[in-house]
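A look at the structure
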Amino acid sequence: MITDQWLRAPGPRLTLNRGQQVVAAILVLLLVTLVVVSIQSSADQRAYTHHTARTEPVSNNTFFTVRDSLTYIEKAEQYLLGVVPRRDVQLARALLAQRLRVIAANGVSAADAASPEYRWALNALDSVIAEAPAGILPADQRTKWAGTILPRAEVLSEATHALVAGNPNGLHRFDRSAEEGLLRGRVVQLAMLIAALVLAAALVWWIAANVVRQYRDTRRAFDDERDTLRKTEDRLDRVSALERGQARILERIATADPVSSVLRQIVQLAAEVSGATAVRIAMGPRSVVYPIGSDVSEAPAWTGTVTDTADTAGTLEVYGDPESFDDLAHTTLVRCRDLVTLALERDASARRLSYQASHDALTGLANRSLLLSRLSQSLMLARHRGTPLAVLFCDLDRFKMVNDSIGHAGGDELLIEAARRLSTTVRETDTVARLGGDEFVVLCPELPDRAQAITLAERIRTTLSAPYTIDGKEAFVDASIGITFADESTVSGAELMREADVAMYRAKLTDGSHINVFDSHLEAEVAQRLDLDTALRHAVGRNQLRLSAQPIVTLDTGVITGFEVLLQWHRPGMPVLYPGAFIPLAEDNGMIVEIGRWVLRETIETLARWRADGLALDLTMSVNVSPRQVREPGFAEEVLQLLDKAGLPPESLIIELTEHALVDLRVAHPVLARLRDAGVSVSLDDFGTGYSSLTQLRTLPVDQIKLDRSFAAALDHGDAKQRAVVQSVVSLASALALDLVVEGIETVAERDTLLDLGARKGQGFLYHQPVLCDLARALLETGGVCAVPAEGSYSALAASAVPSPSLSVNVRSQLPSPSVST
Ligand code: C2E
Ligand code: MG
Ligand code: MG
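Along each chain, numbering runs from 1 in the same order as the chain's sequence is written. Note on labels: chains are lettered from A, ligands numbered from 1, in written order. Given that the model is predicted, a residue must reach a pLDDT of at least 70 before its local features are reported, and side-chain atom pairs must reach 80 or more before they are shown or counted; all residues, however, enter totals for whole chains, interfaces and linings. The side-chain quantities take in all heavy atoms of the structure and omit both hydrogens and water.

1. Comments concerning helix α22 (residues 720-735)
One turn of the α-helix equals 3.6 residues, which is why residues spaced by three or four share an orientation. Elements are defined by DSSP. Helices are runs of H or I of four residues or more, strands are runs of E of two residues or more, and each kind is numbered from the N terminus. One fewer than the residue count of a helix, multiplied by 1.5 Å, yields its expected span. Its 16 residues give α22 an end-to-end C-alpha distance of 22 Å, which sits within 8% of 22 Å, the value for a rise of 1.5 Å per residue. Residues Q722, V726, V729, V730 and A733 constitute the buried set of α22. One side of α22 holds all its buried residues, which, seen down the axis, span an arc of 100°. Seen from the buried face of α22, the exposed residues on the opposite side, beyond 90 degrees, are A720, K721 and A735. Looking at the buried residues of α22, the elements they touch are β16 (681-687), β17 (704-707), α21 (709-716), β18 (739-742) and α23 (748-757). Throughout this description, buried means an accessible area under 20% of the type-specific maximum (1.4 Å probe, protein chains only), exposed means over 50%, and partly exposed covers the range between. The reported arc concerns the directions from the helix axis to the C-beta atoms and nothing else. Contacts are assigned to residue pairs that have any heavy atoms within 4.5 Å of one another.

2. What about the coordination of the magnesium ion (ligand 2)?
Water is not among the atoms examined, so metal sites may look incomplete; donors are the N, O and S atoms within 2.8 Å of the metal, or within 3.2 Å for Na, K and Ca. Surrounding the magnesium ion (ligand 2) are the protein donor atoms E564 (OE), N624 (OD1), E656 (OE) and D685 (OD), at 2.0 to 2.2 Å. Within one chain, the residues donating to the magnesium ion (ligand 2) are spaced in sequence as E-x59-N-x31-E-x28-D. A separation of 3.8 Å is found between the magnesium ion (ligand 2) and the magnesium ion (ligand 3), both of which receive a donor from D685. Taken together, the residues span a long stretch of sequence, with E564 in strand β13 (residues 560-569) and D685 in strand β16 at a distance of 121 residues. Considered together, E564 and D685 belong to a single accessibility category, that of buried residues.

3. Details of the packing of aromatic side chains
Classification of ring pairs uses Phe, Tyr and Trp, with its six-membered ring standing for Trp, and accepts pairs whose centres are within 6.5 Å; under 30 degrees between planes counts as stacked, over 60 as edge-to-face, and the remaining range as tilted. In total, this model carries 3 aromatic pairs according to the counting rule given. Geometrically, the ring pair formed by F63 and F64 is edge-to-face, given 5.3 Å between the ring centres and 70° between the ring planes. When the ring of W569 is compared with that of F582, the centres are 5.5 Å apart and the planes differ by 75°; the resulting orientation is edge-to-face. With W569 in strand β13 and F582 in helix α15 (residues 579-589), this residue pair connects regions lying 13 residues apart in the sequence. You'll find W569 and F582 in the same group, each marked buried. Over a ring means this: the NZ of a Lys or the CZ of an Arg is within 6 Å of the ring centre and within 35 degrees of the ring normal. Cation over ring: R421 sits above Y468, and NZ or CZ is 3.7 Å from the ring centre. Across from the ring centre of W569, 5.5 Å away, lies the NZ or CZ of R571, which sits over that ring.

4. Concerning the environment of V66
In this structure, V66 sits in helix α2 (residues 18-80). What V66 contacts, discounting residues up to four positions off in sequence, is T160, L163 and V164.

5. Some details on α15
Looking at α15, one finds that the buried residues are A581, F582, L585, A586, E587 and N589. Looking one or two residues past α15, G590 carries a phi angle of roughly 85°, positive in sign.

6. Overview of the coordination of the magnesium ion (ligand 3)
Distances from the magnesium ion (ligand 3) to its protein donors, D685 (OD), D686 (OD), E743 (OE) and E743 (OE), fall within 2.0 to 2.7 Å. Read in sequence order, the donor residues for the magnesium ion (ligand 3) give the motif D-D-x56-E.

7. Concerning the pattern of salt bridges
What makes a salt bridge here is a side-chain nitrogen of Lys or Arg within 4 Å of a carboxyl oxygen of Asp or Glu, nothing more. Here the structure, examined in full by the defined rule, presents 31 salt bridges. D327 is the partner of R235 in a salt bridge, and the nearest nitrogen-oxygen pair spans 3.0 Å. Here D327 lies in helix α9 (residues 327-358) and R235 lies in helix α7 (residues 170-254), a separation of 92 residues in the sequence. Judged by relative accessible area, R235 falls into the partly exposed class, the value being 34%. Here E564 ties to K706 by a salt bridge, and the two come within 2.7 Å at their closest N and O atoms. Placement of the pair is E564 in strand β13 and K706 in strand β17, with a sequence separation of 142 residues. Classification of K706 by relative accessible area gives buried; the value is 0%. Salt bridges sharing common partners tie together R67, D68 and R99.

8. Describing the UniProt feature "transmembrane region" (unreviewed entry) in the chain
UniProt positions are given in the numbering used here, feature names are shortened, and annotations may be inferred rather than shown by experiment. Residues annotated in UniProt with the feature "transmembrane region" (unreviewed entry) correspond here to residues 20-39 and 187-208. Taken end to end, residues 187-208 is 100% helix and 0% strand, and its two terminal C-alpha atoms sit 30 Å from one another.

9. Section: the environment of I705
Relative to the elements of secondary structure, I705 occurs in strand β17. In this structure, the C-alpha to C-alpha distance between I705 and E656, residues 49 residues apart in sequence, is 9.2 Å. When near neighbours in sequence (up to four residues on either side) are disregarded, I705 contacts L684, F687, L697, A733, L738, D739, L740 and V741.

10. A word on the sheet that holds strand β11 (residues 515-517)
Spatially, the 5 strands line up as an open sheet ordered β6-β7-β5-β10-β11, and their pairing is mixed. The sheet terminates laterally at β6 (431-436) and β11, the two strands that pair on one side only. Averaged over all neighbouring strand pairs, the angle between strand axes comes to 20°, with direction disregarded. Strand pairing is assigned whenever DSSP identifies at least 2 bridges connecting the two strands. Note that strand β10 (residues 478-485) and β11 share 3 bridges and pair parallel. The partner of I481 across the bridge, within β11, is I515. Think of each axis as a best-fit line through the C-alpha atoms, taken over the contacting stretch in the case of a helix, with angles from 0 to 180 degrees between the N-to-C directions. Its contacts with the sheet place helix α10 (residues 368-385) against β5 (390-397), β6 and β7 (439-444), and it is angled at close to 140° to β6.

11. Details of unusual backbone geometry
Cis rather than trans, the peptide bond between Y290 and P291 has omega equal to -5°. By the secondary structure assignment, P291 is in the loop between β2 (288-290) and β3 (302-309). Despite not being glycine, R398 has its phi angle at roughly 65°, a positive value. With respect to the element layout, R398 can be found in the loop between β5 and α11 (399-425). Under the relative-accessibility criterion, R398 is labelled partly exposed at 23%. The phi dihedral of A737 falls on the positive side, at around 55°, and the residue is not glycine. Looking at the element boundaries, A737 is found in the loop between α22 and β18.

12. Describing the pairing of β5
The side chains of a regular strand alternate between both faces of the sheet. For β5, the buried fraction is high: 8 of the 8 residues fall into the buried class. Side-chain alternation along β5 places A390, L392, C394 and L396 on one buried face and V391, F393, D395 and D397 on a second face that is also buried. As paired strands, β5 and β7 are joined by 6 bridges and run antiparallel to one another. Residue pairing in the sheet places F393 in a bridge with V441 of β7. Pairing geometry for β5 and β10, over 8 bridges, is antiparallel. Bridging across to β10, D395 finds its partner in S480.

Below you can see the structure in the form of structure tokens.
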């Protein structure tokens, strides 16, 4: 583009140098002189003209007198020869006479100016002519008359010539000198004019030479300027080609064009803008060259390294004359190299994204979307080939609790390990996916029958429930597995997933194997249970929770030493739900924190009321607490504040935590220590069902052990081994000064054996079932002793008006067998 400045730049001006100025001055001087001389000369000319004008009539008269006289003589001679008649001679004489009468400017007539000799000769001729015969002179008389006329004509002729020759006056001399003066003036004028012309020509030539030189300089400057302009335009074209090409490539990169096509465009741009003969991206199978088929065997003129990740690196090679690469070419190559890097990074990140979109970030397993797409493929194949297709839905039991206790990083480690175990347990053709949280799905396209599916599920459970070592500590989880099979009626993969999910949910709710094969009849029941989740979220707000209490008694006397508080859920128009049916749900969805807080407050307030009424003055209240509650910040302070506010001694409260919870809660020991220091007791609930060994009892921060009810049941069967185990527990508790409470005593036989083994305290239906707080208060009011039949079991007591706890929870056949490692 031509700049304004360039347009405004002044063009070359015609200026005279010093020499030219001097010449011009001389020329001007000369011209002025010439003008002066001319004026002078004109004046002289005018004077001369005036003078000649004054003298010339005299001369003219003489001249014409001479001429007319000679004509008269000539006519006379012609008359003599018979050529003209006498009339012509007389006519000529008349003209002469007229001439002689002309008076000149000086007032003198021609006749007067003529000499007397002339006048005499004229008269002499006139007289003979007058006598000569008229008309043409006859030939015979010519000789005669010639003798008369010719002599007189000769005399007149001489006198006539004498008129001219004899005029030597001063006027003629003046005329000559004036004419000479004028001539000299003219010569001077001419010389000056020539000199002026020469000077002017020289000046013009000189100036012209200057102008030509200036023109040439200007022309050269203009050519240079044009050259620069052309170069600038060329550069601008290349810059704009680079910018356009770069923008186009960036757009392609942004819109995720295939990387191979982007690389092709980059080499083309690099070659076109830099002027290289060939450009190549050398990167294994991704190598690309422009122009296609170029010879790139020589060493490149320029090389740039391009890389996206450490494992994908290559070079941008440029061929051609290195001298021909200007700075723009270098800029282009550097930019193209950066574009290649960007394209590769974008491609790598797109591949990463697509991997991430189909894989679980934590475990690297397939995610839900990949699973669903594989599921629909497998389903299609299964339909066409009639091959079986099984889906196993695995959910880790207690994972949330473990996650809370070992922290999220630890939880992640556990999940990664679980994923690894799952992947190594199944076949390569199977797909293992993680749906999020602790849910895994195994898609088995070649599992031939139900029996094998169940065998696989059992194998998976065994693998997953083996101990995990996280941060040097052991953690335990189980797995519940739901299985479903595709059949002719299966419409979609999503349907299969839902069926497996339902089966898993059911597996979770049943004790025992925790494996369930989908059965369409159970679907409604499971759906109903799923509704519980929603309902539970409103249970506290809608005041649907109630506390029940089960007496803890001295085994031999039945005297109540305290109560264990147990929760119930009273939904309008529906059967009462007992903790086993909803506490795991509350643990899962986190509602347990809010519910637990409510239980604690209600318990403390109830005890405070009883005490205010003079009841239960030495009794303790045992409250079941979830580890999630304990981990809530300020839990200990909250409990102590509630006690303080109610005016109760901390010793009146016992917090029950299961073995699992306590092991997981080791990190929360400071909280428990704070409570114990204040006087609150901690009880190890369901002892014997978990994984802690008897020796661990020494280190656990507990004041009381509650031996799981399965031990009492085993005693009833006269199991000698179990008896020995209970004996050891009783001894150990006594040795460690721990309070021991035996749970689930249902028969007199159990009680007696326990008494034999040295157990002192217990609870169970033999003494009393859990009852709503009002009834429990009534028990206290009537003496605080639980009557025990002399023989038999609690069923014998059924006459008492207490409600029966949910059988689904308390039926012994569903309980896990006791396990205490020693
Ligand atoms: P747990 O703490 O071991 O409570 C004792 C359970 O055994 C109670 O069941 C009780 O009704 C039952 N039981 C008592 N005596 C006998 C007997 O002689 N035979 C049989 N078969 N069962 C007996 P429940 O009320 O269904 O509670 C189940 C579990 O729910 C409790 O076990 C406790 O771990 C949990 N739970 C109950 N209430 C709460 C609560 O408020 N918070 C928390 N976190 N957990 C609670
Ligand atoms: Mg308990
Ligand atoms: Mg218990």
